[in-house]
Amino acid sequence: MTDAPKPSDITYAGYLALDDLLAAQHPLSDEHDEMLFVIIHQTKELWLKQILHEVTLAQALVRGGDLVPAYKCLARVSRIQAVMTMSWDILATMTPADYLRFRGVLGSSSGFQSDQFRRFEFMLGLKDDRFLRFHVERPDAHAALQTALAAPSLYDDALAQLAAAGLPVPAEALSRDVSRPYEPSEGVENAWLEVYRDTARWWALYQLAEKLVDLDDALLTWRHKHVVTVERIIGRRRGTGGTEGVAYLTETLQRRCFPELWSLRTKL
């Protein structure tokens, strides 16, 4: 068993494994802008790793009824999402001509195939088992996705806390098949309405709800900026992963992780 290094032996480069990290960029062409393309996407994957780390803790806290400490994790996620959204502006400095010089070497690879992004969606409640097939060749990633698909989402955990507090959450919302896409419920909306109509009484749940809306808002903002950036660079042509490109991305703007937290606002 290798002894842990002494603090005096730890260097900045060693602690961060910089030699490994900085050797992980392998552009397939000699085009200058491909390095930017690689680094932008690798950076997003690193941030997604941190997001999954935070949401995992947030879910454990919420499931245990410890709502207040969960706010910090969720606030951190929304800040990370904001940084990821801003990174589209860096990618947008690449013109269509720049991208087309190396697009051909990408083959069928696409951000559509990011298993970490799909896990994030699953953990927020956007379940869709069709995405599992894209990760069969990576057993660990596939298993992690299957686990997230079969587990209660963060929203399921929040609804369980609503019920535990005595609010009228419909039984079918609490006993549903959590591997299936969540369907909006008028009964769930009414339970959240009670929270929003008496925020002093239900302050912890109200703050949890607003943190969830922050996540959904940030995800929608990220998706919108993604659409704009893709259209700016490739127009309406098909994506490298075989999707409809901008048309597919635009459709994702209609998705809501926590639908009743949006619809209740009309009824307040």
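The notes below deal with the structure included here. For clarity, every value in this text was computed on a predicted model and none was experimentally measured. Position numbers for residues start from 1 in each chain and track the written sequence from start to end. Restriction of local features to residues with pLDDT of at least 70 applies here, the model being predicted, together with a cutoff of 80 or more for giving and counting side-chain atom pairs; totals for whole chains, interfaces and linings are based on all residues. To get the side-chain values, take all heavy atoms of the structure and skip hydrogens and water.

## Some words on the environment of Val 38
Tracing the backbone through its elements, the reader meets Val 38 in helix α3 (residues 32-63). Assessed through its relative accessible area of 17%, Val 38 is described here as buried. Between the C-alpha atoms of Val 38 and Val 188, which are 150 residues apart in sequence, the distance is 43 Å. Here a helix means four or more residues in a row that DSSP labels H or I, a strand means two or more in a row labelled E, and each is numbered from the N terminus. Think of it in three bands: with a 1.4 Å probe and only protein chains considered, a residue is buried below 20% of the maximum accessible area for its type, exposed above 50%, and partly exposed in between.

## Thoughts on the side chain of Asp 156
Here Asp 156 lies in helix α8 (residues 154-164). When its relative accessible area of 9% is taken as the criterion, Asp 156 is described as buried. In protein, a polar contact requires one atom able to donate a hydrogen and another able to accept it; more generally it is a pair of N or O atoms within 3.5 Å, and residues adjacent in sequence count only if both atoms are side-chain atoms. Here Arg 176 takes part through its side chain, which lies 3.1 Å from a polar atom of the side chain of Asp 156. Two residues qualify as a contact provided that any one of their heavy atoms is within 4.5 Å of a heavy atom in the partner residue. Every residue in contact with Asp 156, bar those within four places of it in the chain, is listed here: Arg 176 and Val 178.

## Focus on the side chain of Thr 85
Tracing the chain through its elements places Thr 85 in helix α4 (residues 67-91). Apart from residues no more than four positions distant in its own chain, Thr 85 is found in contact with Ala 218, Thr 221, Trp 222 and Lys 225.

## A look at helix α11 (residues 203-234)
Taking 1.5 Å per residue as the helical rise, α11 with its 32 residues ought to reach 46 Å, and the 46 Å between its terminal C-alpha atoms agrees with that figure. Positive phi shows up at Gly 235, right after α11, with a value of about 65°. By this rule the span expected of a helix is its residue count minus one, scaled by 1.5 Å.

## A word on unusual backbone geometry
Backbone phi values are negative for most residues with the exception of glycine, while trans is the configuration of most peptide bonds. Of note, Ala 17 is a non-glycine position whose phi angle comes to about 50°, a positive value. For Ala 17, the location among the structural elements is in the loop between α1 (12-15) and α2 (18-22). Overall, Ala 17 belongs to the partly exposed group, its relative accessible area being 32%.

## Observations regarding the packing of helix α6 (residues 115-124) against α11
The N-to-C vectors of α6 and α11 enclose an angle of 145°; their axes lie 12 Å apart at closest approach. Between α6 and α11 lies a crossing whose hand is left-handed. Contact with α6, carried on its side by Phe 117, Phe 120, Glu 121 and Leu 124, involves Leu 215, Leu 219, Trp 222 and Arg 223 of α11 and no other residues of that element. Axis lines are fitted through C-alpha atoms, for helices just across the contact stretch, and the angle between N-to-C directions can take any value from 0 to 180 degrees. Crossings are assigned a handedness: left-handed for a near helix turned anticlockwise from the far helix by less than a right angle, right-handed for a clockwise turn.

## A short note on a nonpolar patch on the surface
Patch membership requires over 30% relative accessible area and the absence of a salt bridge. Like charges are linked within 9 Å, and nonpolar side chains (Val, Leu, Ile, Met, Phe, Trp, Tyr) within 5 Å. Accessible areas in this description were obtained via Shrake-Rupley with a 1.4 Å probe; residue shielding takes into account the shown protein chains only. For this analysis, a salt bridge means a side-chain nitrogen from Lys or Arg found within 4 Å of a carboxyl oxygen belonging to Asp or Glu. On the surface, Ile 10, Tyr 12, Tyr 15 and Leu 16 cluster together into a nonpolar patch covering about 500 Å² of accessible area. Checked against the element boundaries, Tyr 12 lands in helix α1.

## Here's the deal with the packing of aromatic side chains
Aromatic rings from Phe, Tyr and Trp, with only the six-membered ring used for Trp, were paired whenever their centres fell within 6.5 Å, and each pair was classed as stacked if the ring planes differed by under 30 degrees, edge-to-face if by over 60, and tilted otherwise. Summed over all chains, the structure comprises 10 aromatic pairs. Taken together, the ring pairs in this structure connect Phe 37, Tyr 99 and Phe 102 into an aromatic cluster. In this scheme, Lys NZ or Arg CZ marks a charge over a ring once it lies within 6 Å of the ring centre and within 35 degrees of the ring normal. Above the ring of Tyr 71, the side-chain terminus of Lys 211 is found at 5.5 Å from the ring centroid.

## Focus: the pattern of salt bridges
Across all of its chains, the model carries 13 salt bridges by this definition. A salt bridge links Arg 130 to Asp 128; the nearest nitrogen and oxygen atoms lie 2.6 Å apart. Take Arg 130: its relative accessible area is 55%, and that puts it in the exposed class. The class for Asp 128 is buried, based on a relative accessible area of 16%. The shortest N-O distance in the salt bridge between Glu 210 and Arg 265 comes to 2.6 Å. Of the two residues, Glu 210 is situated in helix α11 and Arg 265 in the segment after α13 (259-263); the sequence distance between them amounts to 55 residues. The network of salt bridges with shared partners includes Arg 118, Glu 121, Arg 223 and Arg 255.

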